[in-house]
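Tertiary structure, described
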Amino acid sequence: MAISAATSAVSPRADASTDLHFEEPTRLARTINNFSIQIATVNGSGSQTANNVLMRSIFQMGIPVSGKNMFPSNIAGLPTWFTIRANKNGYIGRKKEVDFLVAMNPETAREDVLKLEPGAAVLYDEPLKLKDLRSDLHFYAPPFDKLVGPVCPEAKLRKLVKNMLYPGMMAFFLGIDLEEMRKALFKQFGARKQKAAELNWGAVQAGFKYASENLPKTDPYRVERMNQTQGKLIVDGNAAAALGCVFAGCTVLTWYPITPSSSLAEAMIGYLNRLRVDKETGRATYAVIQAEDELAAVGMAIGAGWAGARSMTCTSGPGISLMSEFVGLAYYVEIPVLIIDVQRVGPSTGLPTRTAQGDILKNAILSHGDTKHPVLFPSSPEECFTMPGIGFDLAERFQTPVFMNTDLDLGMNNWMSEPFPYPEGPIDRGKVLSKEDLDRLGSFARYKDVDGDGVGYRTVPGTNHPAAAWFARGSGHNEKAQYSEREDDYMNNMRRLSRKFESMRTAVPRPEITTREGARIGIVCCGTSRYACEESCDQLRDEFNMPVSYLRLKAYPFTTELEEFIDEHQRVYVVEQNRDSQLLMLMRMEMTADRIRKLRSVLHYSGLPIDARSVTAEIVRQEGL
């Protein structure tokens with residue numbers, strides 16, 4: 001997906017009508033830059049463009065914003081919802097309450113309206129007659145079908161153009177600068193679709209004009225310019241991760257399509273085409289292979305890693321299950337590879353358009369026998385960009401598969417982000433012996449722990465030395481990579497692999513920690529649970545006078561900071577988006593009994609992104625307040 005930068009200058013208004021005063025009842029206090037919008041449409045109606053234009057226009061006015069798409073996994077015509085949150089304090093996690101509903105789907109309109117809190121606003125198509133349902137909401141009922149006809153003479157296009165009416169109406173109700181909406185619209189369509197952009201811009205203007213002349217504003221929600229997004233981006237995590245892999249030196253991508261990871265591979269192919277082509281010859285300096293299934297995809301990536309390439313694959317939970325055997329091979333043979341898991345709801349094949357953190361435990365111990373894998377937990381597009389570099393370095397330094405766990409919410413939704421930092425450090429290829437090294441040494445034992453960190457030395461194919469060869473076998477082997485079924489060879493090898501995993505604790509990213517004076521309880525989370533937990537900490541402080549400390553894990557194996565954090569608090573709530581407390585289970589595998597007794601669970605597994613109010617309510621319940 002495209003990356004959009006915010007503009008910092010105040011743009012001139014596109015139409016004098018944007019200076020109209022709203023007819024707001026004096027009994028209503030304005031709510032400025034603090035609301036959520038839910039747009040209910042049907043899949044395949046072209047509403048995504050309208051929703052992105054609405055979100056980006058708010059973002060371009062300097063207001064922190066995020067957008068989340070909830071869509072069906074099958075045919076067009078089924079319900080879809082897009083939520084936009086604008087918040088002056090920078091909270092960009094999902095808000096549980098909906099403040100302004102745009103009801104464009106007759107099948108869900110009634111239920112959507114009945115779920116609203118009193119005082120919310122509803123914009124709906126006049127024939128739906130939603131005003132009869134409740135008397136405690138602000139209703140606006142324009143005739144969409146009548147308005148779209150003069151704007152779009154071609155009947156077959158009206159279904160798509162019709163959706164551009166509501167951004168114009170929302171511009172009136174919220175006070176969005178129409179010039180910002182025009183810029184967002186034309187950026188969305190791009191230079192090659194100017195005619196389509198002009199047609200849709202006409203619909204935006206028509207929607208604004210009708211609302212300003214016929215729909216007096218009664219709700220309190222409004223935007224005002226801020227300067228909180230200057231220099232920031234709107235980007236999805238999959239695009240950020242794809243770019244991060246390219247900048248980290250990845251030259252081999254193997255994949256099999258699976259939602260929600262497919263767009264990561266697709267974005268990476270685009271970046272490779274732009275950034276990894278030899279300027280003199282025009283030849284690609286990378287390889288991309290769409291395999292016949294996920295097992296083949298990870299097998300190819302492992303083969304490329306054995307050959308010395310920085311290689312990766314991306315998938316989701318069902319694909320991870322299929323990759324289990326080959327991941328076990330790479331762990332035992334000690335071959336570097338990066339596996340990005342964009343998690344979705346399970347079990348079985350799961351719900352491909354719903355989000356979860358359901359693969360935490362599985363990825364940490366994936367495969368048969370005794371295995372332990374490092375897992376990275378990015379929480380933002382910026383970390384989706386930077387952590388592939390960390391993952392590749394870990395994989396090559398420790399000669400092992402490394403997982404990077406994102407999720408559908410982070411991967412496929414729109415997030416506000418700081419610009420990505422350009423990687424400045426050198427690539428860490430780990431313990432790779434060159435011809436000169438072998439000339440000096442004369443020989444080497446592939447699986448011998450020379451340095452005490454559990455990591456042996458390796459060579460890559462093509463090293464021009466008779467001592468460079470070694471046998472990459474999945475069966476039992478000794479230090480020299482020779483076949484062996486001796487018990488002591490196997491046990492020595494497994495102890496060394498365990499020692500290597502312990503060495504990783506000092507190399508993985510450290511957690512982010514915020515401690516508050518007087519805090520008796522703490523919150524631990526990872527990934528996209530971050531946004532709900534950070535906001536919940538503020539709610540607990542402001543509403544219940546309860547100071548709460550906060551720790552966000554960035555990686556497994558856990559570092560000493562986690563144990564110290566638990567020791568400093570009476571109770572620690574582990575917040576995660578799955579049913580079985582997988583992160584807590586992983587902690588219990590390593591903690592002492594005294595620390596385990598302090599741990600509590602806050603779980604969220606509806607498939608919707610976790611929200612702060614739910615976290616706060618559960619902690620308050622367990623605290624007995």
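Residues numbered from 1 in each chain as written. Predicted model: local features only at pLDDT ≥ 70, side-chain atom pairs only at ≥ 80, totals over all residues. Heavy atoms only, no water.

With that out of the way, let us pick up the overall build of the protein chain. For the protein chain, the count of helices and strands is 22 helices and 23 strands. Relative to its length of 625 residues, the protein chain is compact, with a C-alpha radius of gyration of 27 Å against a globular reference of 25 Å. When burial is assessed residue by residue, the protein chain has 57% of its 625 residues classed as buried. When the accessible surface of the protein chain is totalled, it reaches about 26,000 Å², and 50% of it is carbon and sulfur. Side chains of the protein chain carry 72 positive and 75 negative charges; the gap between the two charge centres is 2 Å. (Helix = DSSP H or I, 4+ residues; strand = E, 2+ residues; numbered from the N terminus. Rg over C-alpha atoms; globule rule 2.2 N^0.38 Å. Buried < 20%, exposed > 50% of the residue type's maximum accessible area, 1.4 Å probe, protein only. Areas by Shrake-Rupley, 256 points an atom, 1.4 Å probe, with all protein chains shown as cover. Lys, Arg positive; Asp, Glu negative; His and termini not counted. Charge placed at Lys NZ, Arg CZ, Asp CG, Glu CD.)

It is worth spelling out unusual backbone geometry at this point. Note the cis peptide between G346 and P347, where omega equals 5°. Mapped onto the fold, P347 is located in the loop between β14 (337–343) and α13 (360–364). Cis peptide bonds are those with omega within 30 degrees of zero, and the linkage from Y556 to P557 qualifies with 15°. Note that P557 resides in the loop between β21 (555–556) and α19 (560–567). One non-glycine residue with positive phi stands out, namely A481, at about 70°. Along the chain, A481 falls in the loop between α16 (435–441) and α17 (487–503). In this structure, S581 takes a positive phi of about 55° despite not being glycine. Counting through the fold element by element, S581 comes out in the loop between β22 (571–576) and α20 (582–588). According to the relative accessible area criterion, S581 is buried, its value standing at 11%.

Now for the pairing of β22. A regular strand places its side chains on the two faces of the sheet in alternate fashion. Most of β22 sits inside the fold, with six of its six residues counted as buried. Side chains R571, Y573 and V575 of β22 all project onto a buried face; the interleaved residues V572, V574 and E576 project onto the opposite face, where all are buried too. As paired strands, strand β19 (residues 521–526) and β22 are joined by four bridges and run parallel to one another. Along β22, the bridge assignment pairs I521 with R571. With five bridges connecting them, β22 and strand β23 (residues 599–603) associate as parallel partners. When the bridges of β23 are listed, Y573 appears paired with R600. (Pairing = 2+ DSSP bridges.)

With that settled, the discussion passes to the packing of aromatic side chains. Remark: the centre distance and the inter-plane angle together describe each pair of aromatic rings, the angle taken between the planes. One pass over the full model with this rule turns up 15 aromatic pairs. The cationic tip of R182 hangs over the ring face of F186; the distance from NZ or CZ to the ring centre is 5.6 Å. When the ring centre of W470 is taken as reference, the NZ or CZ atom of R446 above it lies at 4.5 Å. (Phe/Tyr/Trp six-rings, centres within 6.5 Å; stacked < 30°, edge-to-face > 60°. Lys NZ or Arg CZ within 6 Å of the ring centre and 35° of its normal.)

Take the sheet that holds β19 next. Taken in spatial order, the five strands line up as β18-β20-β19-β22-β23 in an open sheet, and their pairing is mixed. Whereas interior strands pair on both sides, the edge strands pair on one side only; in this sheet they are β18 (512–514) and β23. Within the sheet, the average angular offset between the axes of one strand and its neighbour, ignoring direction, is 20°. Across three bridges, β18 lies against strand β20 (residues 548–553) in antiparallel orientation. Looking at β20, one finds that E512 is bridged to R552. Along the sheet, α19 contacts β18, β19, β20, β22 and β23; its crossing angle with β20, the most-contacted strand, is approximately 160°. (Axes fitted to C-alpha atoms, helices over the stretch in contact; angles between N-to-C directions. Contact = heavy atoms within 4.5 Å.)

Moving on, we come to the pattern of salt bridges. By the definition in use, this model includes 46 salt bridges. Of the charged contacts, one joins D488 and R486 as a salt bridge, the two residues approaching to 3.3 Å between their closest N and O atoms. D488 gets classed as partly exposed once you look at its relative accessible area, which sits at 35%. In the salt-bridge network here, residues are joined through shared partners; they are R310, D393, E396, R429 and R458. (Salt bridge = Lys/Arg side-chain N within 4 Å of Asp/Glu carboxyl O.)

What follows is about the environment of I566. Relative to the assigned elements, I566 resides in helix α19. Placed 45 residues apart in sequence, I566 and I521 show a C-alpha to C-alpha distance of 9.1 Å. The residues contacting I566, other than those within four sequence positions of it, are V572, M587, M591, R595, K598 and L599.

The next point concerns the state of the cysteines. A full pass over the atoms with the stated rule returns zero disulfides. No disulfide involves C245; its sulfur sits 5.6 Å from that of C250, the nearest cysteine. Residue class for C245 comes out buried when judged on its relative accessible area of 0%. Of all cysteine sulfurs in the structure, the one in C245 sits closest to C314, which takes part in no disulfide; the separation is 8.0 Å. In this structure C314 comes out as buried when scored by relative accessible area, which is 1%. (Disulfide = S-S within 2.5 Å.)

Ranked by size, the top nonpolar core spans 141 residues in total, and within it I37, F100, F173 and M312 carry the most contacts. Residue contributions to this core peak at eight residues, all from helix α5 (residues 165–174). Setting aside anything within four residues of it in sequence, one finds M312 in contact with C245, C250, V252, L253, T254, L264, M268, A301, V337, L338, I340 and F392. In terms of nonpolar packing, the next biggest core, distinct from the first, is built from 17 residues, A532, L540, Y550 and V575 among them. (Core = buried A, V, L, I, M, F, W, Y, C linked by side-chain atoms within 4.5 Å.)

Spatial strand order, β12-β11-β13-β14-β16-β15-β21: seven strands in an open sheet with mixed pairing. The sheet is open, and its two edges are formed by β12 (287–290) and β21, each paired on a single side. In the sheet, β14 pairs with strand β16 (residues 401–407) via seven bridges, with the strands oriented parallel. Residue L338 lies in a different strand from β16, and its bridge partner there is V402. Contacts from helix α10 (residues 294–306) reach β11 (252–255), β12, β13 (311–315) and β14, with the element oriented near 160° to β13.

Orientation of helix α8 (residues 237–247) relative to helix α9 (residues 262–275), taken along the N-to-C sense of each, is 40°, at an axis distance of 8 Å. Here α9 runs oblique to α8, going by the angle between their axes. As α8 packs across α9, the resulting crossing turns out to be right-handed. Touching N238, A239, A241, A242, L243, C245, V246 and F247 of α8 are S263, L264, A267, M268, Y271, L272 and L275, all from α9. Tallied by class, residues from the contact of α8 with α9 come to 13 nonpolar, two polar and no charged. (Parallel < 35°, antiparallel > 145°, perpendicular 65-115°, else oblique. Left-handed = near helix turned anticlockwise from the far one by under 90°. Nonpolar A, V, L, I, M, F, W, Y, C, P; charged D, E, K, R; others polar.)

Side chains of residues three or four places apart in an α-helix project in the same direction, reflecting 3.6 residues per turn. Here helix α7 (residues 194–214) spans 30 Å end to end across 21 residues, near enough to the 30 Å set by a 1.5 Å rise per residue. When α7 is considered as a whole, its buried residues turn out to be A197, N200, W201, A203, V204, G207, F208, A211 and S212. Down the axis, α7 shows its buried residues gathered within 160° of arc, on one side only. Of the exposed residues in α7, those oriented more than 90 degrees away from the buried face are K195 and E213. Next to the buried residues of α7 lie α3 (144–151), α4 (158–161), α5 and α6 (178–189). (Expected span 1.5 Å × (residues − 1). Arc of directions from axis to C-beta.)

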